[in-house]
Amino acid sequence: TSVQDDNISSDDCKATIVIEHLIQASDVSHTMQHWHIYKSWNEKFFMECYAAFKAGRAGSDPSKNWYKGEIGFFDFYVIPLAKKLDSCGVFGVSSHEYLNYAQSNRDEWAREGEGIVNEYLVKYEDMATQ
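Now for a quick tour of the structure. These figures come from a predicted structure and were not determined experimentally.

Quick word on the environment of serine 63
For serine 63, the position within the fold is in the loop between α2 (35–54) and α3 (66–88). For the pair serine 63 and cysteine 49, spaced 14 residues apart in sequence, the C-alpha separation works out to 9.1 Å. Contact partners of serine 63, with chain neighbours within four places excluded, come to Phe46, Tyr50, Val117 and Leu121. Polar contacts involving the side chain of serine 63 include one to the side chain of aspartate 61, which spans 2.6 Å.

In structure tokens, the structure reads:
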């Protein structure tokens, strides 16, 4: 019947949306975990981008916008995604933990991020001179 077809279609649509959220979350899962995990993966990505810049494979110096870029990334992508994961309940009570970690990491980055980017630069230069 058309009512059953509408229910199946609605369920399929909901499942598709949840799967899309999961795929997006898998790409940025480090932002929704403990601070040290976020910071470790953030450093690896920064070093990769900065090395590309230093080698002439990237057009701009990532260190110039890394701090502000991370705040925007949290505000406009990670935290809204974590809220969607929380509202669909796909991870049960853990969904709320991911949201809390995302918000906490954003706040920690806002406090410490500028200094951390400077630490990344020092570390990169130290590695480059060895």
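Things to note about the nonpolar core
The biggest cluster of nonpolar side chains holds 23 residues, and the ones touching the most others in it are Met32, Phe46, Trp109 and Tyr120. Contributing elements (two or more residues each) for this core: α2, α3 and α4 (94–128). In contact with tyrosine 120, other than residues within four places in its own chain, are Lys39, Asn42, Glu43, Phe46, Met47, Trp66 and Trp109.

What about the side chain of asparagine 42?
Looking at the element boundaries, asparagine 42 is found in helix α2. When neighbours within four sequence positions are excluded, asparagine 42 is seen to be in contact with His30, Trp66, Glu70, Trp109 and Tyr120.

Things to note about the packing of α2 against α3
Packing of α2 against α3 brings their axes to within 13 Å, and their N-to-C directions diverge by 130°. As summarised for this structure, α2 and α3 are arranged oblique, according to the angle between their axes. Crossing of α2 against α3: the hand is right-handed. In contact with Tyr38, Asn42, Phe45, Phe46 and Cys49 of α2, α3 contributes Trp66, Glu70 and Phe74.

The rules behind the values
Residues numbered from 1 in each chain as written. Predicted model: local features only at pLDDT ≥ 70, side-chain atom pairs only at ≥ 80, totals over all residues. Heavy atoms only, no water. Helix = DSSP H or I, 4+ residues; strand = E, 2+ residues; numbered from the N terminus. Contact = heavy atoms within 4.5 Å. Polar contact = N/O pair within 3.5 Å; in protein donor to acceptor, adjacent residues only side chain to side chain. Core = buried A, V, L, I, M, F, W, Y, C linked by side-chain atoms within 4.5 Å. Buried < 20%, exposed > 50% of the residue type's maximum accessible area, 1.4 Å probe, protein only. Axes fitted to C-alpha atoms, helices over the stretch in contact; angles between N-to-C directions. Parallel < 35°, antiparallel > 145°, perpendicular 65-115°, else oblique. Left-handed = near helix turned anticlockwise from the far one by under 90°.

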